Protein chains: 2
Amino acid sequence: MSRTPPGQTRERVYRYVCERLAAGLPPTMREVQSAIGFKSVQSAREHMEKLVEEGRLAKHEGKSRGYYLPGQGAGQRSTTLVPLLGSVRAGNLTEAIEDHSGYVPMQPRRAGEYFALLVEGDSMIKAGIMEGDLVLVRKQERAVTGDVVVALVNDEATVKTLKLRGQRIELHPANTRYKPIVPDPDTCRILGKVVEVRRHLEAPKRTKRR
Amino acid sequence: MSRTPPGQTRERVYRYVCERLAAGLPPTMREVQSAIGFKSVQSAREHMEKLVEEGRLAKHEGKSRGYYLPGQGAGQRSTTLVPLLGSVRAGNLTEAIEDHSGYVPMQPRRAGEYFALLVEGDSMIKAGIMEGDLVLVRKQERAVTGDVVVALVNDEATVKTLKLRGQRIELHPANTRYKPIVPDPDTCRILGKVVEVRRHLEAPKRTKRR
DNA sequence: TTGCATTCCACACAAAAGTATGGCATCCTG
DNA sequence: CAGGATGCCATACTTTTGTGTGGAATGCAA
């Protein structure tokens, strides 16, 4: 029977398992067996057990699809899929909640409900938030001065830096070409706080036609 | 037997399943049963089947832990956990690969191997890349003019915009306070192309002492 | 009243999935 | 040479997990 140099198949197994873990469905032993091309499920199992011994994988004993990455379980923050609701400036965000256009993976640092929006315009350029960036927003109706928030002003969403002057809300741009917005309190509502900004420097690859 | 108003338990089931999906380990029927508090596994199953009928969940027939979110399967890009290797300017990146300090979830737009780095300095401020930002990098040794790359110059990693003049490599900052780097070709190596920039606007929450 | 839909329970069975035991071959070290 | 480690195969057994069938109770519409 043919056999590979020590450690080589181990790496292939590890890579395959990591891919599956990242995809959200850990593999069974028999799936590892198939993926690597073993004739016997026991071959897969021995590699997996060794990976656990080495501390590179951990597992729930006796549970199906029970392997996981060590740092991912106990201390590591878990990944959440956040709905991408559309773009700032798009229409009614309440409706967009029902028809989100995909998910964005994130690891929340705080408990809460999150949504993602695409940024339009350059009003926050000095804060390093550019046209086309993605903002991840935690839903909350209050924030403090200095927070970057998504606010609804006259039913139009906008990303700005919040300044509270007493009870008065000011929405400050980070671009000298724009003036602060001082909305009528009845027409302004904070939707949430921007907790993360993401920028893709590469366009999506063209997918094949289906 | 006590029973809830129509739809109420369904939502609880859905929420639980979504949490589990986001955490990376879909639940078994018996786990759904336990989580909701049913006495019978069949109760869990019927809710799950209904969620599939409604199009809110999908499943791999007959497979353990086989449920998934519909848009997440076929067309949706799968999530990959990318190792965070440390910060640009830190020591030897080759060693850092063995001792990465966590994972960052991303949905790659192209096939390849990825790693993440923390940015130090403000040399790319005009490109909206700030101190403390996280760059997600696809490993590649070649890039084209205009790409933002991670390069190793005299064993020091740096994030810059690449400019190729013939065979000569120039590494351009996006900040007028810095000059382009024109490294000796023997001392410069491209490690990869920056494909995504992320900024956290919120510090990690303090975790309880263990 | 009957039929249907919804929300639940109980139990048995089938298949998937984890685990155990035996075996072979190669290489290296004591 | 023997023993141990590593990389594999083969098979059987055990447990987990999915599925099927039967049942009960409630509410609503025909």
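As shown above, the structure is provided for reference.
Residues numbered from 1 in each chain as written. Chains lettered and ligands numbered in written order. Predicted model: local features only at pLDDT ≥ 70, side-chain atom pairs only at ≥ 80, totals over all residues. Heavy atoms only, no water.

### A look at the pattern of salt bridges
Considering all chains together, one arrives at 38 salt bridges over all chains under this definition. Salt-bridge contacts for A:Glu31 lead to A:Arg65; the nearest nitrogen and oxygen are separated by 2.9 Å. Of this pair, A:Glu31 sits in helix α2 (residues 29–36) while A:Arg65 sits in the loop between β1 (58–59) and β2 (67–68); the two residues are 34 residues apart in sequence, bridging distant segments of the chain. Overall, A:Glu31 belongs to the buried group, its relative accessible area being 18%. Here B:Glu170 ties to B:Arg168 by a salt bridge, and the two come within 2.5 Å at their closest N and O atoms. Note on B:Arg168: relative accessible area 42%, which makes it partly exposed. Connected through salt bridges with shared partners, the residues A:Arg110, A:Arg138, A:Asp147, A:Lys193 and B:Glu202 form a single ionic network. (Salt bridge = Lys/Arg side-chain N within 4 Å of Asp/Glu carboxyl O. Helix = DSSP H or I, 4+ residues; strand = E, 2+ residues; numbered from the N terminus. Buried < 20%, exposed > 50% of the residue type's maximum accessible area, 1.4 Å probe, protein only.)

### Quick look at the environment of B:Gly132
The topology assignment puts B:Gly132 in the loop between β5 (114–118) and β6 (134–139). Placed 68 residues apart in sequence, B:Gly132 and B:His200 show a C-alpha to C-alpha distance of 8.4 Å.

### Considering the relation of the copies chain A and chain B
For the pair chain A and chain B, the best superposition has an RMSD of 0.6 Å and corresponds to a rotation of 180° with a translation of 0.5 Å parallel to the axis. Look at the turn and shift together and you get a two-fold axis relating the two. Of the residues that chain A buries at the interface, 94% are likewise interface residues in chain B, meaning the two copies contact each other through the same surface. (Least-squares fit on C-alpha atoms with pLDDT ≥ 70 in both. Contact = heavy atoms within 4.5 Å.)

### Considering the protein's contact with DNA strand C
The full set close to DNA strand C counts 33 residues, and A:Met29, B:Arg3, B:Thr4, B:Gly7 and B:Arg10 are the nearest of them. Within 4 Å of the protein, the contacting atoms of DNA strand C are drawn from sugar and phosphate to the extent of 57%. In the model, a phosphate oxygen of DNA strand C is placed 2.7 Å from a nitrogen or oxygen of the B:Thr4 side chain. B:Ser40 places a polar side-chain atom, nitrogen or oxygen, 3.0 Å from a base nitrogen of DNA strand C. With 6 residues, the single largest contributor to the surface near DNA strand C is helix α3 (residues 41–53) of chain B. (Near = heavy atom within 4 Å. Polar contact = N/O pair within 3.5 Å; in protein donor to acceptor, adjacent residues only side chain to side chain.)

### Let's talk about α3(B)
Residues and elements named next belong to chain B. With 13 residues, α3 extends 19 Å from end C-alpha to end C-alpha; this agrees with the ideal 18 Å at 1.5 Å per step. Buried-residue contacts for α3 involve α1 (8–23), α2 (29–36) and β2 (67–68). Gly-55 sits one or two residues past α3 and shows a positive phi near 80°. (Expected span 1.5 Å × (residues − 1).)

### Observations concerning the side chain of A:Lys160
All names here are of chain A. Looking at the secondary structure, you find Lys-160 in strand β8 (residues 156–165). Among buried Asp, Glu, Lys and Arg side chains, Lys-160 stands out as unpaired, with Glu-156 the closest opposite charge at 8.1 Å. In this structure the side chain of Lys-160 is engaged in a polar contact, spanning 3.1 Å, whose partner is the side chain of Ser-123. Sequence-distant contacts of Lys-160, defined by excluding residues within four places in its chain, comprise Ser-123, Met-124, Asp-147, Val-148, Val-149, Leu-171, His-172, Pro-173 and Ile-181. (Lys, Arg positive; Asp, Glu negative; His and termini not counted.)

### Some details on the interface of chain A and chain B
Across the boundary between the two partners, chain A contributes 49 residues, which contact 47 residues of chain B. With both chains or domains summed, chain A and chain B bury close to 4400 Å², and 50% of this area falls on carbon and sulfur atoms. Summed over the shared surface of chain A and chain B, the result is 6 salt bridges. Here A:Glu202 and B:Lys193 are joined by a salt bridge, their closest N and O atoms 3.3 Å apart. The interface formed by chain A and chain B holds 16 residue pairs in polar contact (both at pLDDT 80 or more) in total. Grouping the constituent residues of the side of chain A that touches chain B by class yields 21 nonpolar, 14 polar and 14 charged. Strand direction decides the pairing type here: strand β10 (residues 188–200) of chain A and strand β10 (residues 188–200) of chain B, joined by 5 bridges, are antiparallel. Within β10(B), the position partnered with A:Val197 by the bridge is B:Arg199. (Buried area = accessible area lost by both parts, 1.4 Å probe. Nonpolar A, V, L, I, M, F, W, Y, C, P; charged D, E, K, R; others polar. Pairing = 2+ DSSP bridges.)

### Digging into the protein's contact with DNA strand D
Close contacts around DNA strand D come from 32 residues, with A:Arg3, A:Thr4, A:Gly7, A:Arg10 and B:Arg30 the closest. The sugar-phosphate backbone supplies 56% of the atoms of DNA strand D found within 4 Å of the protein. Contact between DNA strand D and A:Glu46: a base nitrogen at 3.1 Å from a side-chain N or O atom of the residue. Note that a phosphate oxygen of DNA strand D is positioned 3.1 Å from one of the backbone N or O atoms of A:Ser64. Going through the elements one at a time, α1 (8–23) and α3 (41–53) of chain A together with α2 and α3 of chain B are the ones with two or more residues in the surface near DNA strand D. Among the elements that make up the surface near DNA strand D, the one with the highest residue count is α3(A) (5 residues).

### A look at the packing of α1(B) against α2(B)
Residues and elements named next belong to chain B. Here α1 crosses α2 at 120°, and the two axes come no closer than 10 Å. Classified by the angle their axes make, α1 and α2 are oblique. α2 is crossed by α1, and the crossing has right-handed handedness. Contacts from Thr-9, Arg-12, Val-13, Tyr-16, Val-17 and Arg-20 of α1 reach α2 at Glu-31, Val-32, Ala-35 and Ile-36. Partitioning the contact of α1 with α2 into residue classes produces 6 nonpolar, 1 polar and 3 charged. (Axes fitted to C-alpha atoms, helices over the stretch in contact; angles between N-to-C directions. Parallel < 35°, antiparallel > 145°, perpendicular 65-115°, else oblique. Left-handed = near helix turned anticlockwise from the far one by under 90°.)

### Regarding the environment of A:Gly121
Residues and elements named next belong to chain A. Within the fold, Gly-121 resides in the loop between β5 (114–118) and β6 (134–139). Separated by 12 residues in the primary sequence, Gly-121 and Asp-133 place their C-alpha atoms 9.8 Å from one another. Setting aside anything within four residues of it in sequence, one finds Gly-121 in contact with Met-130 and Glu-131.

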